[in-house]
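In case you want the letters, here they are:
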Amino acid sequence: MNSPLPPGEPQGAEHARLMESAGADAPWRLWGPYLSGRQWGTVREDYSASGNAWSAFPFDHAVSRAYRWGEDGLGGISDRFGFLNVAVALWNGKDPILKERLFGLTNEEGNHGEDAKEYWWAIDGTPTHSWMQWLYRYPQQEFPYEQLRRENRERTRDEREFELGDTGILDEHEFFDVMMTYAKAGPDDVCLRITATNHGPEAAPLHVLPTIWLRNTWSWGLDDRVTELHEIRRNGRPPRGFRAAEVSHGFLGRYVVAAAGSPTALFCDNETNAKHLFGEQALANQSLYPKDAINQRVVHGRAKAVNPSGYGSKCAFWYRFDSVAPGETVTVDLRLATRDPSIDWFGEDFDAVLGSRRTEADEFYGHVIHPSLSEPDRHVARRAYAGLLWGKQLYRYDVARWMEGDPAAPPPPAARLKGRNEHWKHLALADVISMPDEWEYPWFAAWDLAFHTIPLAHVDPEFAKEQLVLMCREWAMHPNGQLPAYEWEFGDVNPPVHAWAAWHVYRIDGYRDRQFLTRVFTKLLLNFAWWVNRKDANGSNLFEGGFLGMDNIGLFNRSAPLPPGFRLEQSDATSWMAFYCQQMLKIALELARTDKAWDDVATKFLEHFLSIAQAMRHFGSSDKSLWHEEDGFYYDVLVQPDGTAPHMRVRSMVGLLPILGATEVPPWVVDECPDVTRNFEWLQERRPDLVKPMLRRDDGKMLLTLVPPKRLRRILERMFDSDEFLSPFGIRSLSAATREAVTATVGNETVSIEYEPGESRTGMFGGNSNWRGPVWFPVNVLLADKLRTYGRYFGDSFTIELPTGSGNWGTLEDAADLIDGGLTALFRPIDGRRPSDGKRIEASADPLWSEHPTFSEYFDGDTGEGLGATHQTGWTALVSHLLNPRLPPDPRTMGWG
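Residues numbered from 1 in each chain as written. Predicted model: local features only at pLDDT ≥ 70, side-chain atom pairs only at ≥ 80, totals over all residues. Heavy atoms only, no water.

1. Description of the overall build of the chain
- Counting secondary structure elements, the chain contains 24 helices and 34 strands.
- The C-alpha radius of gyration of the chain comes to 28 Å, within 12% of the 29 Å expected for a compact globule of 897 residues.
- Residues counted as buried form 66% of the 897 residues belonging to the chain.
- Considering only contacts within the chain whose residues lie at least 6 apart along the sequence, 71% involve residues at least 24 apart.
- By element, 49% of the accessible surface of the chain is carried by carbon and sulfur atoms, the whole surface being about 31,000 Å².
- Across the chain, the centroid of the 94 positively charged side chains sits 3 Å from that of the 125 negatively charged ones. (Helix = DSSP H or I, 4+ residues; strand = E, 2+ residues; numbered from the N terminus. Rg over C-alpha atoms; globule rule 2.2 N^0.38 Å. Buried < 20%, exposed > 50% of the residue type's maximum accessible area, 1.4 Å probe, protein only. Contact = heavy atoms within 4.5 Å. Areas by Shrake-Rupley, 256 points an atom, 1.4 Å probe, with all protein chains shown as cover. Lys, Arg positive; Asp, Glu negative; His and termini not counted. Charge placed at Lys NZ, Arg CZ, Asp CG, Glu CD.)

Spelled out as structure tokens, the structure:
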């Protein structure tokens, strides 16, 4: 394995474990935070006729209904196959149900789409999961489930979301902070300490129920072997000083979970309580003690609800703290291991494991995070890494099986075979995947994942590389070469950022793993061909991407079919393809340095880029350029049945993305890649117009650019105009000059768009995403990355006003710094408050709130407040890369700038 440290730097215990754990099947990677925070309301669990995943398996069913494809829990772990799961359940003596999983509103219940209504934070973690911490804030008053639903249901899209903090039940610190701390004594020996601190002004009761259970694999007619947990007794009695349960699993082998002290062991089965959910018309329950039996025992006092014989597929150890004093912390210790339990599992040995792993985690991040960072920046970076590592989730989904149904279950509706993901029956995943977050997006999205790998490569380069390759494997990538977008519609189109991510991961990892580069590149050749064959309808080299991850950025839904005879030639789709060409060229040239067979492949991508650049520079299929000379901007062009092709004159991120088409060509290409050199010289002689995108300096530096310098300057004048794109916290996705709506006619329909700096006011894409003004981290990072590319080439010869009209002139590298500085400023307190916290309760000066940065999906284009998914460390973890852009030295004598 390649170390995430530059060569020659000291290695600590966690780095040593990483060296031993190169593959996904490495022992140290067996146990991790792979248990989802939410399985209900996902596409995988939707077997309805309507295809509405949110209502097919709602939150209210989760307490009583067995899942088909996964499990969920609070701050939990599982083995990487999801057979055995450990998490915590809580009860404050007032809630109507045990707190076993995270609550939030479905897309239909929230006034801005899906919305988590809890407070929790990933506190810390190491890449082998030898050390992990996760914090949950549990109210002492009854959890206001119905109030949260009602208030948000009654609010309009123009109003703020109603949050748990707005109910007032947390105002006097009437909550417990429940910390889950995991430390591995060995690959199959996990210590778990649960602490709960009463921050309220009065004593309060708390029930803590660490829970272990088996995923239900036996109810579907495919494997009827039922695995069970059994209470360990000695001479008919529980052992002294602890309680324990054991399981002998056909795949995992024997495991024991022991809980220190004398909690009550409660057993039931991970089976659906059909009678409770569906009434007397339901089939008989498969167990006398179904999934909600522990809830019935604890919350409703029904002693006979649980199995008195001490076995089942679900077990909880019930600790009752009748009165936890203000400021008091109660502690529960558990251990999961393969050996026989004893009282020696706890006490000094247990404490020593936690102490050692904490010290090793500090040592690890002492190497990973540059020592020059301030303590507040180190804190944000480490929390970002923690969120990414806790976002590693098991994703099981066999689309063919899901469509056809299981032998022991009612058949799905016939419409399913012609519905969602009907062309993705090959997809069959059972892998640990980097998720955007564990609640709102407990599923992967291909372009999100690519961005995740950049910060991941700083801490766990092997996992980062594995993720990029996974999306290209035959059980994920479509046979036609398309990458799966996301589970709601695998066939939708995400921007092609995979090659860019692969190159950056290769760099961060020290330019060493050429095997990885070859593996991902060969698969991306198939994906590139899919783009060319499917998204360039008439061979004009102008592309029609459709959705492209930017949800409602257009005047209309770009994923939906246009009226007959209409076609949209997209500035962003074409720009993404130029960008893709350049990244593939870069990788091909790198591979050609040691294997000349790649030389002509590099030539192919050079020529393809030049053709796209020519199409962007001149005219589209209807003799209409995507460039609008009067406005000095790129727009989409709507080709109409009568041959006219008006510009969609909306200044948005769509018109900024041509900037991505810039890459340096290293000087060694002239000598080391003869096929590329000969071909370029031939084109220079015979097609000088085609090679205009190749710029050369007298000192030999070369730049491939989609945007000529004159056009670049005009775009940047708008991009760095504070009245248009430039916000204090990065580049907006839509020009603020569009505060008055822009309208257009498409067929017989009038459509419009206007600047919305915060939450979306439209229902497009469910209303839970907004590219009509907010700042989005990933595209900002790409824009800054490419401005640095331009800056290295032009140097001081190309300067612009920063901001436009300020009289303050700077280089393009200065412009990149301005963007990156805005993004990091989201997490740097101003007058004691992080801009990203906005007006939410997290903005409180109270250290119980202020010490926990929240990583949001996107940010208000005016104020910087975090919006959308409020726990999406995911691509927003790129802030750690900006704060800590540590790269190993390039071991090659010549390389890319």
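2. Points about helix α19 (residues 709-719)
- Turning to α19, its buried residues number three or more, namely Arg711, Leu712, Ile715, Leu716, Arg718 and Met719. Viewed along the axis of α19, the buried residues span an arc of 155°, placing them on a single side of the element. (Arc of directions from axis to C-beta.)

3. Let's talk about the sheet that holds strand β12 (residues 242-249)
- Spatial ordering of the open sheet is given by β6-β7-β8-β9-β17-β13-β12-β11-β15, a layout of nine strands whose pairing is antiparallel. Each edge of the sheet is formed by a strand with only one pairing partner; in this case those strands are β6 (120-125) and β15 (311-312).
- Sheet analysis places β12 next to strand β13 (residues 253-260), joined by eight bridges and oriented antiparallel. Residue pairing in the sheet places alanine 244 in a bridge with alanine 258 of β13.
- Most of the contacts of helix α8 (residues 375-390) go to β6, to which it runs at about 100°, and overall it touches β6, β7 (131-139) and β8 (175-186). (Pairing = 2+ DSSP bridges. Axes fitted to C-alpha atoms, helices over the stretch in contact; angles between N-to-C directions.)

4. Some thoughts on the side chain of arginine 297
- Among the secondary structure elements, arginine 297 is positioned in helix α6 (residues 293-300).
- The side chain of arginine 297 sits in the buried core without any salt bridge; aspartate 322 is the nearest counter-charge, 12 Å away.
- Sequence-distant contacts of arginine 297, that is, excluding residues within four places in its chain, are made with Leu266, Arg302, Ala303, Ala305, Val306 and Trp318. (Salt bridge = Lys/Arg side-chain N within 4 Å of Asp/Glu carboxyl O.)

5. Concerning the sheet that holds strand β24 (residues 662-665)
- Read across the sheet, three strands follow the order β24-β26-β25 without closing on themselves; strand pairing throughout is antiparallel. Each edge of the open sheet carries a strand with a single partner, namely β24 and β25 (694-696). The average angle at which neighbouring strand axes cross in this sheet is 25°, direction not considered.
- By the bridge criterion, four bridges tie β24 to strand β26 (residues 702-705) in an arrangement that is antiparallel. Looking at β26, one finds that threonine 663 is bridged to leucine 704.

6. Observations concerning the confidence of the model for the chain
- The share of residues in the chain with pLDDT of 70 or more is 96%, and the mean pLDDT across the chain is 92.
- In the predicted structure, residues 1-8 sits below a pLDDT of 50 and forms 32 contacts with residues beyond four places in sequence or in another chain. (pLDDT = per-residue confidence, 0-100.)

7. Some points on the packing of helix α1 (residues 13-20) against helix α7 (residues 348-368)
- Axis separation between α1 and α7 bottoms out at 7 Å; the angle between their running directions is 85°. When the axis of α1 is compared with that of α7, the two are roughly perpendicular. Residue-level contacts link Ala13, Glu14, His15, Arg17 and Leu18 of α1 to Arg357, Glu360, Glu363, Phe364, His367 and Val368 of α7.
- Its residues assigned to classes, the contact of α1 with α7 shows four nonpolar, two polar and five charged. (Parallel < 35°, antiparallel > 145°, perpendicular 65-115°, else oblique. Nonpolar A, V, L, I, M, F, W, Y, C, P; charged D, E, K, R; others polar.)

8. A short note on the pairing of strand β3 (residues 84-91)
- Counting buried positions along β3 gives eight out of eight residues, so the element sits mostly inside the fold.
- Because side chains alternate across β3, one face comprises the buried residues Leu84, Val86, Val88 and Leu90, and the other comprises Asn85, Ala87, Ala89 and Trp91, equally buried.
- Where strand β2 (residues 74-79) folds back on β3, the antiparallel hairpin that results is connected by four residues, among which glycine 82 adopts a positive phi of roughly 75°.
- In this structure, β3 lies alongside strand β10 (residues 204-214), joined through eight bridges in antiparallel fashion. If you follow valine 86 over to β10, its bridge partner there is isoleucine 212.

9. Section: the nonpolar core
- The biggest cluster of nonpolar side chains holds 151 residues, and the ones touching the most others in it are Trp576, Leu716, Met719, Phe720, Phe777, Leu787 and Tyr790.
- Counting residues per element, this core draws most heavily on helix α14 (residues 571-592), which supplies 14 residues.
- Excluding residues within four positions of it along the chain, phenylalanine 720 makes contact with Leu726, Leu787, Ile800, Glu801, Leu802, Pro803, Thr804, Ala815, Leu818 and Ile819.
- Judged by nonpolar contacts, the second largest core, of 91 residues, contains Leu74, Trp120, Leu214 and Leu334. (Core = buried A, V, L, I, M, F, W, Y, C linked by side-chain atoms within 4.5 Å.)

10. Overview of the pattern of salt bridges
- Overall, the coordinates contain 57 salt bridges when judged by the stated rule.
- One salt bridge connects glutamate 246 with arginine 254, and the closest N-O pair in it is separated by 2.9 Å.
- Looking at glutamate 246, the relative accessible area reads 26%, which means it is partly exposed.
- Among the salt bridges present, the one from glutamate 842 reaches arginine 840, with a minimum N-O distance of 3.3 Å.

11. Brief notes about empty space enclosed by the protein
- Scanning the model with the defined rule gives nine cavities of 30 Å³ or more in all.
- Space inside the largest cavity adds up to approximately 210 Å³.
- Every residue lining the largest cavity is counted, 17 residues in all, and those nearest its centre are Trp120, Ala122, Gly387, His871 and Thr873.
- Of all elements in the fold, only β6 and α8 reach the threshold of two or more residues within the lining of the largest cavity.
- Counted by class, the lining of the largest cavity contains eight nonpolar, six polar and three charged residues. (1 Å grid on protein atoms, 1.4 Å probe; cavity = no way out; pocket = protein on both sides within 12 Å on 5 of 7 lines; lining within 4 Å. Points joined across faces, edges and corners; volume = space filled by probe spheres on them.)

12. Brief notes about the packing of aromatic side chains
- As enumerated under the stated definition, the model contains 59 aromatic pairs in all.
- Centroid distance phenylalanine 528 to tyrosine 580: 5.2 Å. Interplanar angle 70°. Geometry classified as edge-to-face. Of this pair, phenylalanine 528 sits in helix α13 (residues 514-535) while tyrosine 580 sits in helix α14, and the two are 52 residues apart along the sequence.
- Between tryptophan 776 and tryptophan 875 the ring centres are 5.9 Å apart and the planes differ by 85°, which places this aromatic pair in the edge-to-face class. (Phe/Tyr/Trp six-rings, centres within 6.5 Å; stacked < 30°, edge-to-face > 60°.)

13. Here we look at the packing of α14 against helix α15 (residues 599-617)
- Packing of α14 against α15 leaves a shortest axis separation of 8 Å and a crossing angle of 160°. Regarding the angle of α14 to α15, the classification is roughly antiparallel. You can see that α14 and α15 cross each other, and the crossing is left-handed. Across the interface between the two elements, Thr574, Ser575, Met577, Ala578, Cys581, Gln582, Met584, Leu585, Ala588, Leu589 and Ala592 from α14 touch Asp599, Val601, Ala602, Phe605, Leu606, His608, Phe609, Ile612 and Met616 from α15.
- Taken together, the residues of the contact of α14 with α15 sort by class into 15 nonpolar, four polar and one charged. (Left-handed = near helix turned anticlockwise from the far one by under 90°.)

14. Side note on the environment of aspartate 158
- Of note, aspartate 158 is situated in the loop between α4 (145-154) and β8.
- Since its relative accessible area comes to 63%, aspartate 158 is described here as exposed.
- Sequence spacing of aspartate 158 and threonine 762 is 604 residues, and the spatial spacing of their C-alpha atoms is 9.6 Å.

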